[in-house]
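# Coordinate analysis (summary)
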Amino acid sequence: MTDSSSSLVKICAGLLLVSMGPASPILADAKLPPSPELPHRVSQLEGLVDPLTGEMLSTLDPLETDSETQQRKKEALARYMSGRIAAERRRVPAALDAFKKAI
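Residues numbered from 1 in each chain as written. Predicted model: local features only at pLDDT ≥ 70, side-chain atom pairs only at ≥ 80, totals over all residues. Heavy atoms only, no water.

Moving on, we get to unusual backbone geometry. One non-glycine residue, Arg90, lies in the positive phi region at around 60°. Locating Arg90 in the fold gives a position in the loop between α3 (68–88) and α4 (92–102). We classify Arg90 as exposed; its relative accessible area is 73%. (Helix = DSSP H or I, 4+ residues; strand = E, 2+ residues; numbered from the N terminus. Buried < 20%, exposed > 50% of the residue type's maximum accessible area, 1.4 Å probe, protein only.)

Bringing a nonpolar patch on the surface into the picture now. A grouping of Leu77, Tyr80 and Met81 is seen on the molecular surface, where their side chains present a nonpolar patch of about 290 Å² in accessible area. With respect to the helices and strands, Met81 occurs in helix α3. A relative accessible area of 41% places Met81 in the partly exposed class. (Patch = residues over 30% accessible without salt bridge, like charges linked within 9 Å, V, L, I, M, F, W, Y side chains within 5 Å. Areas by Shrake-Rupley, 256 points an atom, 1.4 Å probe, with all protein chains shown as cover. Salt bridge = Lys/Arg side-chain N within 4 Å of Asp/Glu carboxyl O.)

With that out of the way, let us pick up α3. Over its 21 residues, α3 runs 30 Å from end to end, which matches the ideal 30 Å to within 8%, given 1.5 Å per residue. Immediately beyond the C-terminal end of α3, within one or two residues, lies Arg90, with a positive phi of roughly 60°. (Expected span 1.5 Å × (residues − 1).)

Looking only at α4, the buried set comprises Ala95, Ala98 and Ala102. Along the axis of α4, the buried residues cluster in a sector spanning 65°; they form a single face. Of the residues in α4, the exposed ones pointing more than 90 degrees away from the buried face are Val92, Pro93 and Lys100. Residues of α4 that are buried sit in contact with α3. (Arc of directions from axis to C-beta. Contact = heavy atoms within 4.5 Å.)

So this is what it looks like as structure tokens:
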């Protein structure tokens, strides 16, 4: 590459950067229209149709409910995993607290 072509590239790159400028003031001044109000839904399934039966769906009911022991195991696992996340983030007191609650 010659000196004149490299200087031309530098000038074009500089002009490109200057012309782009900071985008945040432009975006901050933009007036967005308010979002339309959505109808309140009790369940995400509300309004959907079961493809097998053709019935309208409203809620999802579990076939079996968890026993108390299963529920406690799930809660302990959730607390343990919360402790692992806190430990990864080097938040030792929060991790220790989560591990204690898991036991």
